[in-house]
Amino acid sequence: MTSIASITLEVDDTTAAERFYATAFDLGSQPRLRTAETPTTGFRGFTLALTVSQPADVVSLVDGALAAGATSLKPVSKSFWGYGGVVRAPDGTIWKIATSAKKDTGPATGTIDDRVLLLGVEDVKATKRFYVEQGLTVAKSFGGKYAEFKADEPDQFKLALYKRAALAKEAGVADDGSGSHRLALTSTTTAFTDPDGFVWEASTLTPTQP
């Protein structure tokens, strides 16, 4: 089965980005980082999401990210689906931190329950079919609105598909953008490029974490 072996963010300054992620989220070896100065403007077509168990953890992670240099796109707030906030890292990557819970059951634990890479695509159904053909297994699917695939390991990022305009709206940004996604995915099998231009590299091409 194909799944995300690793995620690589392409950044202008790997030292600064490494410092930010170690301070803000402390996710260990994920995401990987490498230097790239390819042109990019506006929305890059993806977001990264961290799911936690309660509002206190959302607040703790968002506050930590802001203190480390992130900017707020959507302040932490309660909604009908739960509790969450969205920030943009100094390298430009958009992160959403959320929980389905609306009340705390104790102090913040710092535990991250789920990691998800959401790709903003033009046609969810068509892109879902493409990924099934690559060997991914669908875990959730809601027609042409959303699809999520299984991950091999608990600490891997799950892949999910969302309409590009809807994903940008959820992130609190305009959906226009051009140039590089500034993102590379490492496959557990072969290299390929998906219908929306997201590049997957074979595992043998995995870059070294700075």
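That block above? That's the structure.
Residues numbered from 1 in each chain as written. Predicted model: local features only at pLDDT ≥ 70, side-chain atom pairs only at ≥ 80, totals over all residues. Heavy atoms only, no water.

A. Here's a closer look at the sheet that holds strand β11 (residues 158–163). Spatially, eight strands are ordered β5-β6-β7-β4-β8-β11-β10-β9 in an open sheet, and the strand pairing comes out mixed. The outermost strands of the open sheet, each flanked by one partner alone, are β5 (71–79) and β9 (138–142). The sheet shows a mean angle of 15 degrees between the axes of neighbouring strands, direction not considered. Judged from the three bridges that link them, strand β10 (residues 146–149) and β11 form a sheet pairing that is antiparallel. Within the sheet, the bridge partner assigned to A147 lies in β11 and is L161. Running at roughly 10 degrees to strand β6 (residues 82–88), helix α2 (residues 55–67) makes contact with β5, β6 and β7 (94–99) of the sheet. (Pairing = 2+ DSSP bridges. Helix = DSSP H or I, 4+ residues; strand = E, 2+ residues; numbered from the N terminus. Axes fitted to C-alpha atoms, helices over the stretch in contact; angles between N-to-C directions. Contact = heavy atoms within 4.5 Å.)

B. Expanded view of helix α1 (residues 14–24). Restricting attention to buried positions, one finds in α1 the residues T14, A17, F20, Y21 and A24. The buried residues of α1 occupy one face: seen down the axis, they fall within an arc of 125 degrees. When the buried face of α1 is taken as reference, the exposed residues oriented beyond 90 degrees from it are R19 and T23. Check the buried side of α1 and you find it contacts β1 (4–11), β2 (32–35), α2 and β7. For α1, the N-terminal capping position is held by D13, with its side-chain oxygen 3.1 Å away from the main-chain nitrogen of T15. Backbone geometry just after α1 places D26 at a positive phi near 50 degrees. (Buried < 20%, exposed > 50% of the residue type's maximum accessible area, 1.4 Å probe, protein only. Arc of directions from axis to C-beta. Polar contact = N/O pair within 3.5 Å; in protein donor to acceptor, adjacent residues only side chain to side chain.)

C. A look at the sheet that holds β1. The sheet built from five strands is open, its strands ordered β2-β1-β13-β15-β14 with mixed pairing. The open sheet is flanked by β2 and β14 (192–193), the only strands paired with a single partner. As defined by bridge partners, β14 adjoins strand β15 (residues 199–201) across two bridges and the pair is classed as antiparallel. Note that in β15 the partner of F192 across the bridge is W200. Sheet strands touched by α1: β1 and β2. Its angle to β2, the strand with the most contacts, is close to 160 degrees.

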